[in-house]
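Here are the chains, one letter per residue:
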Amino acid sequence: MCMPEPDSRAEWSLTDINDLASKMTSPRQVAMARMKALSFEQSGVGLPAPMVRMLDGATSTWIAGVEQRGKQMFVRSLGSPRLCEEKKEDSLGAGLQDIICGKEDTDVLNQVLSLHLSVVRMDPILAEELGRQGSHSIISRIIRFDLSEVMEPLASSLGLRFDSDIMITENDLDSVMELQELACEIASSSSGKFPLKFSPFSKDELLSRQPMLFSVKPSRHVCQQHPQEVSLPQDQLVLINQVSGRQSAQEDVGFVMWPSAVVLSKWLISNPQLIHNKRVLELGAGCGLVGLVAAGIASEQKREAIVVENTQILCPVVITDFNPKVLENLEQNICLNDLSQDAHVAKLDFYTQDGDNYCGGWIDGSGAQHAPVDVLLAADVICKPEDATAVANTIYDALKPGGMAILVSADSKHRFGVDRFESECARLCMSVTLTDVDDLFDRGFLQSFQEADGTSGIEATSGYVDDMKLTMYRVTKPSSR
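Model, not experiment: these values are computed from the prediction.

## A word on the sheet that holds strand β11 (residues 399-410)
Taken in spatial order, the 7 strands make up an open sheet running β7-β6-β3-β10-β11-β13-β12, and their pairing is mixed. The open sheet terminates on both sides in strands that have one partner only, identified here as β7 (343-347) and β12 (431-436). Each strand of the sheet is rotated relative to its neighbour by a mean of 20°, with strand direction disregarded. Taken together, the 6 bridges between β12 and strand β13 (residues 470-476) define a ladder with antiparallel strand orientation. For Ser 431, the partnering residue across the bridge sits in β13 and is Thr 476. Lying over the sheet, helix α12 (residues 259-270) contacts β10 (373-379), β11 and β13, oriented at roughly 130° with respect to β11. Across the sheet, helix α15 (residues 385-398) is in contact with β3 (280-283), β10, β11 and β13; its angle to β11 comes to roughly 150°.

Structure, rendered in structure tokens:
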């Protein structure tokens, strides 16, 4: 756990802060810290509360230190040539000195602000939680801080006439400006939501905002039944953020996780040879679990230095959808799983594909054509009869001749139009093999998703019911006309 169990700690040393910062250097690490901070049985208040306490403590300690050192400086100046307006040189004596630059409380606040800036840039969900926990009022206090307003009453209380040009060093002004620049960057990185009013999320709300965590493991039954041409990949822990906001139309189905994505992901990690040395595209990705698992497999292959024609595999998995909010969430989920080098997002509307490109090539949202892929993956992408036609057209266009698509879907009782998909593929001379998902894994497949380790299982997805029947479609594009 990168953040100590939340306590009432008032002060944090530079060592504490640097240790914490070193353990939150990626969106994934920040998300895991959020999840772990909510897991403490006694004081699982989440990450925002202790981080705001840290910021508040560092800010209050810094301001108190400035006031104390300023007063001490003025008291000492009474025994030396008095600070005056006429000659700045005469005022320096033993009196004037830096009271901010190089001081430990200044360094601590600088590090705390840098940590906050880093995490709000990496995790917009945590950024909002920090703001509502009270960080924005503290950040505003730093932005409005005026050293002259602190120093003038201190000087007046000792009978000294204040002049900022004489009584404040350039080093201190620069240090204040550096802190305020960090505070302004935090404000500007708050997705247009600065300043938020103090309105902390409850623990239940924080729990609902954390990512879903899927443990995707190869199935022992599949491994025993199908000898592997390549080594099985390691288990994957995949973090998934769903799109916040209510679904208001059919086009918003990608906002949430659906059962078939969990099924296809587990089947894929049990059959890594399917995408070994292949160009891969996920169609209608939604939250992107399938594409992320494929990218994780490809990443592991690269680490093992698998070589094709003397060049390392570098083709990233293409994860597609057409809804702008879904595409933005996919980008975040790729970063959340440290897969930016192994996957990228593209807009693909399967209603804009014609189904007449035998040589292969799909059209993106800007109208540009892309090279065909070897393998296309899709889960729960048919929701109405017209989708069956559009998906078949897209598979035909996106695949190279001889390429394969793997699609998993609930039956027509739960997914209207899926019963037309096989005939739509036949219309394009593509062969289709249907398999009951239970038959793939000795009728124990769905049960294997009832996770007991705190991670999400198929039952956590949207629309899942116990008697749901799932089917896998293996579609092959003809290798010759």
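Past the structure itself, the notes keep going.
## Brief notes about the pattern of salt bridges
With the rule as written, the count across this model stands at 13 salt bridges. Salt-bridge contacts for Arg 420 lead to Glu 424; the nearest nitrogen and oxygen are separated by 3.6 Å. For Arg 420, a relative accessible area of 35% translates into the label partly exposed. The exposure class assigned to Glu 424 is buried, which follows from its relative accessible area of 11%. A salt bridge links Glu 424 to Arg 427; its shortest N-O distance comes to 2.7 Å. Of this pair, Glu 424 and Arg 427 are both found in helix α16 (residues 421-427), 3 residues apart, which corresponds to roughly one turn of the helix. Its relative accessible area of 44% is what places Arg 427 among the partly exposed residues. By sharing partners, the salt bridges in this structure join Arg 34, Asp 123, Glu 128, Glu 129, Lys 193 and Arg 209 into a single network.

## Focus: the packing of helix α5 (residues 104-122) against helix α6 (residues 124-144)
The interhelical angle for the contact between α5 and α6, taken along N-to-C directions, is 145°, at an axis separation of 10 Å. The two elements α5 and α6 meet at a crossing, and its hand is left-handed. Note on element contacts: α6 touches α5 through Pro 124, Leu 126, Ala 127, Leu 130, Ile 139 and Ile 142, opposite Leu 109, Leu 113, His 116, Val 119, Val 120 and Met 122. Of the residues contributing to the contact of α5 with α6, the split by class is 11 nonpolar, 1 polar and no charged.

Parameters and conventions
- Residues numbered from 1 in each chain as written.
- Predicted model: local features only at pLDDT ≥ 70, side-chain atom pairs only at ≥ 80, totals over all residues.
- Heavy atoms only, no water.
- Pairing = 2+ DSSP bridges.
- Helix = DSSP H or I, 4+ residues; strand = E, 2+ residues; numbered from the N terminus.
- Axes fitted to C-alpha atoms, helices over the stretch in contact; angles between N-to-C directions.
- Contact = heavy atoms within 4.5 Å.
- Salt bridge = Lys/Arg side-chain N within 4 Å of Asp/Glu carboxyl O.
- Buried < 20%, exposed > 50% of the residue type's maximum accessible area, 1.4 Å probe, protein only.
- Left-handed = near helix turned anticlockwise from the far one by under 90°.
- Nonpolar A, V, L, I, M, F, W, Y, C, P; charged D, E, K, R; others polar.

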